[in-house]
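Residue-level structural notes
Letter by letter, the chains look like this.
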Amino acid sequence: TFYIEPLKINKLGVRASDTFVLTPTPQPKDDFQEELVIRPLHSGDIYASFQFRTLWETDFMRENKVSHYRLFPKSLGQVISKFSVRELHISFTQGYWRTMQWGQPFLPSPPGAELWVWFQDSVTDVDAAWKELTNVLSGIFCASLNFIDSTNTVQPSASFKPLGIVNETDHRFLRYATLPREIVCTENLTPWKKLLPCGSKAGLAVLLKSEKLFHSSFFSQTVHIRPVCQDRECKTTSWELRQTLNVVFDLHTSGQGKREWSLFKMFSRTLTEACPLASSSKIYIDVTDNPQEEYFELSPATPLLSQAVVLGDRRTFSVYDLTQQVTFGTVRSLNLLIRWKSTEGECSMLRPLLHAERYVAGYGLQTGEIHTVMYNNHPFRSFPVLLLDSVPWYLRLYIHTLTVTSKGKDNTPSYIHYQPSKDRMRPHLLEMLVQLPPHSVTEVTVQFERALLKWTEYTPDPNHGFYVGSSVISALVPSSVAMDTNITQEQPLFSSFFPCKEESSYFVRVYTEPLLVNLPTPDFSMPYNVICLTCTVVAVGYGSLYNLLTRSFQIEEPNPRLAKKIANFIRRIRGVPLLS
Amino acid sequence: MSALLKRSCSHNMLAAIIMLIFICFCVHFQNTAGQFFSSGHTNNWAVLVCTSRFWFNYRHVANTLSVYRSVKRLGIPDSHIVLMLADDMACNHRNPKPATVFSHRNMELNVYGDDVEVDYRGYEVTVENFLRVLTGRLPPSTPRSKRLLSDDRSNILIYLTGHGGNGFLKFQDSEEISNVELADAFEQMWQKRRYNELLFIIDTCQGASMYERFYSPNIMALASSQVGEDSLSHQPDLAIGVHLMDRYTFYLLEFLEDIHPASKSNMNDLFKVCPKSQCVSTPGHRTDLFLRDPGSVLITDFFGSVRKVEITMEAIHLTDPILHPMSEEVQEKTYSYVDQLPVSEIIHQKPKQKDWHPPDGFILGLWTLILLVFFKTYGIKHLKHIF
């Protein structure tokens, strides 16, 4: 199907009634935006976040299949329609986000791979669709997502509410799984880059070179698909595909110790043009801590300034618009340079209001204790948090030892949902709604016992240990600045991911570290040793005994002399009995 | 008499005609046989496997990636390559230069590159998965990039590297594949017509033992060392701290770097790669199962990719465009986003109604036993007291 512009027909001077106009099918409108946010961190590191968003007004769920894809990648579109997916969130992360040193990320993600999906109401067998979906995604992203099965999938009952438009939320259609052991490398970045409309050839994606990106303290690439409102009235929905890439470059490994960052130093590339298919292509540099250019200077200078409320704070950004030719200057290339002037006089970083840690206590290979510690750094406000813990079956939790203490006193959660594990079938699921008192530390402890696995269930390197996925803490944190609840698309992408319902608080998700526990590991060379030893004992002991009992001994004549041999030979020929 | 003559004449003519037909058939047969002896493949596949785990086996991953790089350079696309790497060296935390795998000292050549797609990685590289890929017996939900979708006109290159011994190859230090299993897998492939010709290269210690048991036709095999010999590694890099490549694959890579998609080098040149002076071990090869003469087989028959283009003069009629009915209805309802943490809703959440399942077999059996024992001891007359 194609669409003829009516303007062209008029220009030709042909009457409308004479022309043969093919009935035009209005193409669903799609739109692509790209954005890069650079935030210098107080420890000297630098945080860069790429956001690519494709919006498409179409309906994957209708009967006539969608067949013409333009900006939206076809592989993901087919996945959505085949498996009746309503929302899909997948992330691949290498490294752990240090909240106390770096603040809150724009989009959090746990180490390893994480996948959570909301299916449509029309799906009858959610588990079968989930299994097939993980296999298909493992082929698309070159990752071992096919290891997601019932032993690490959970169905949260209150966390992970849909981030897109929805009629009602029935948690039977939600599945969540995480693979903390999953490695992220260039083979995951390559297919991710291929999903972008301009690929890695034009626009901001030319900066994505793996040799620099993986030589960082933190790297995370995510894909989020959800239906969103098209406009203020929200009568129609469109599908949104967001691809984000967050990377934190370390001052000493990537920056050679010098506090000076540029696009070339970070990515070994400079920008020459925006993606031609993008309707907007911008770079935001966070200059809130530098209002009069007293700490660092930004070159080339830009007159554009923008303010946005992100993570409960009003931040100011210098904006570079790549769709304007003037941004690239006379050299036709943009290499942003941020140079620090002096090291003293740094204002302190805003302390993140919510922060969490997790560790294993105990000794030996039989029992242990998991401690999850949550910090509420707000001076006078308390807020509720929802803690989701998914522990594999081989760590047998004793839930009767679960204690939640804040400031030394017991703190009863107002909601607990616990689903016990089933050996080799289902992991533990623990969800609790805990109210964190202001300026306090809350500790959740639970004891566990380690199980002995069957010898075929051990990985080829069992002495490395076994991973337990990160805990997820979802919270509505009170905000010091009024949040923007307007859902128009004019906001920059990085501030409009989580939908905001009220002005006084913002939603945040914090991930703890994954745990690495050692299970009692057998010595795998023992079967071989036992077989060798047993066979040797049996052969030597029983064999000699058997020989002694069953062998009969005969007297052997010595070799006859030569003459006798010849005589015997002749006798044999003649057929006459031989000499003795 | 004339009738007799006529009959003999007709006999002669018949015989002549039969002779002519026979000669024609022979010639035709010769032509098809000639065609048969030139490679008749239409597509190329490659299965490249590295079977070793752990950082000190860096060289095996570098071996496999250098063959991957050559094969991609000569034209085989990613969709036709099944790459299996048992461990991740590029993004390993011990790697001083992340996202790189080098084959030459002083970091001259990065064989990992920027455009790599690994199909099976980490714990997925097992003997079972390898044999399933070869024979095509994969579960139905396996994606296309993980399948070997070859047909009877495919030339397949299979490259294995790792630690091996006399008659076996170790996978990830926890299981082995024997040469008999491998030979049987190739026979399955032949029976199912999954290849036209197969080139098998193996770079392990005592590699020649792995191809001793092959018995399917159209297989050519190369190994880096004979039975009783070890394949040695090439050179360490002091910055990275491990040996970067094995000798045989290092010289194979140097040989392949000179090959371009139109080159006419044949297999005899490949057999001369890495003589004993360079390799210390004696590379071996096996061509008795291969029907063509190795001198007539081009390197690009296996390492490159054939693209046959058929030009057609037929016209194709496009169908009329599909007319979608314009959706006239105006949406009345307004959508909205959902509250991310509805505290009051969560606190008052009713517990989920668990689906009722009929009692387990164990419970049923236990109750049956209890009832049986009860009625055996006390007799049936108590039944009416129960019901």
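Remember, predicted model here, so these are calculated numbers, not experimental data.

**Remarks on the state of the cysteines**
Working definition of a disulfide: a covalent bond connecting the sulfur atoms of two cysteines. Evaluated as defined, the whole model comprises 4 disulfides over all chains. Across a sulfur-sulfur distance of 1.8 Å, B:C274 and B:C279 are joined as a disulfide pair. In this structure, the disulfide formed by B:C274 and B:C279 twists by about 100° around the S-S bond and is classed as right-handed. Given a relative accessible area of 3%, B:C274 falls into the buried group. No disulfide involves A:C532; its sulfur sits 7.2 Å from the nearest other cysteine sulfur, which is in A:C535.

**Observations regarding the sheet that holds strand β7 (residues 175–178) of chain B**
Residues and elements named next belong to chain B. Ordered in space as β5-β6-β7, the 3 strands form an open sheet in which the pairing is antiparallel. Of all strands in the sheet, those with a lone pairing partner are β5 (164–165) and β7, marking the two edges. Here 2 bridges tie β5 to strand β6 (residues 168–171), and the two strands are oriented antiparallel to one another. Counterpart to G164 in the pairing with β6 is L169. Across the face of the sheet, helix α3 (residues 127–135) comes into contact with β6 and β7 while running at roughly 35° to β7.

**Some words on the confidence of the model for chain A**
The pLDDT averaged across chain A works out to 87; a share of 92% of its residues lies at or above 70. Low pLDDT, under 50, characterises residues 1–23 of chain A; the stretch is placed with 16 contacts to residues that sit more than four places away or in other chains.

**Structural notes on the pairing of strand β4 (residues 154–161) of chain B**
Residues and elements named next belong to chain B. Counting buried residues in β4 gives 8 out of 8 residues, a clear majority hidden from the surface. Residue alternation in β4 divides its side chains into two sets, S154, I156, I158 and L160 and N155, L157, Y159 and T161, and both sets are buried. Across 7 bridges, β4 lies against strand β8 (residues 197–203) in parallel orientation. Each bridged residue has a counterpart across the sheet, and for Y159 the counterpart in β8 is I201.

**A word on the sheet that holds strand β12 (residues 305–310) of chain A**
Residues and elements named next belong to chain A. Pairing in this open sheet of 11 strands is mixed, and the strands run β5-β6-β4-β3-β7-β8-β2-β1-β10-β13-β12 from one edge to the other. Since the sheet does not close on itself, it has two edges, and those belong to β5 (153–154) and β12, each with one partner. Relative to strand β13 (residues 313–321), strand β10 (residues 280–286) runs antiparallel, the two being bridged by 5 bridges. Within the sheet, the bridge partner assigned to Y284 lies in β13 and is V319. Along the sheet, helix α4 (residues 126–141) makes contact with β3 (85–94), β4 (112–119), β5, β6 (174–179) and β7 (218–229), crossing β4 at roughly 135°.

Criteria and thresholds
- Residues numbered from 1 in each chain as written.
- Chains lettered and ligands numbered in written order.
- Predicted model: local features only at pLDDT ≥ 70, side-chain atom pairs only at ≥ 80, totals over all residues.
- Heavy atoms only, no water.
- Disulfide = S-S within 2.5 Å.
- Buried < 20%, exposed > 50% of the residue type's maximum accessible area, 1.4 Å probe, protein only.
- Pairing = 2+ DSSP bridges.
- Helix = DSSP H or I, 4+ residues; strand = E, 2+ residues; numbered from the N terminus.
- Contact = heavy atoms within 4.5 Å.
- Axes fitted to C-alpha atoms, helices over the stretch in contact; angles between N-to-C directions.
- pLDDT = per-residue confidence, 0-100.

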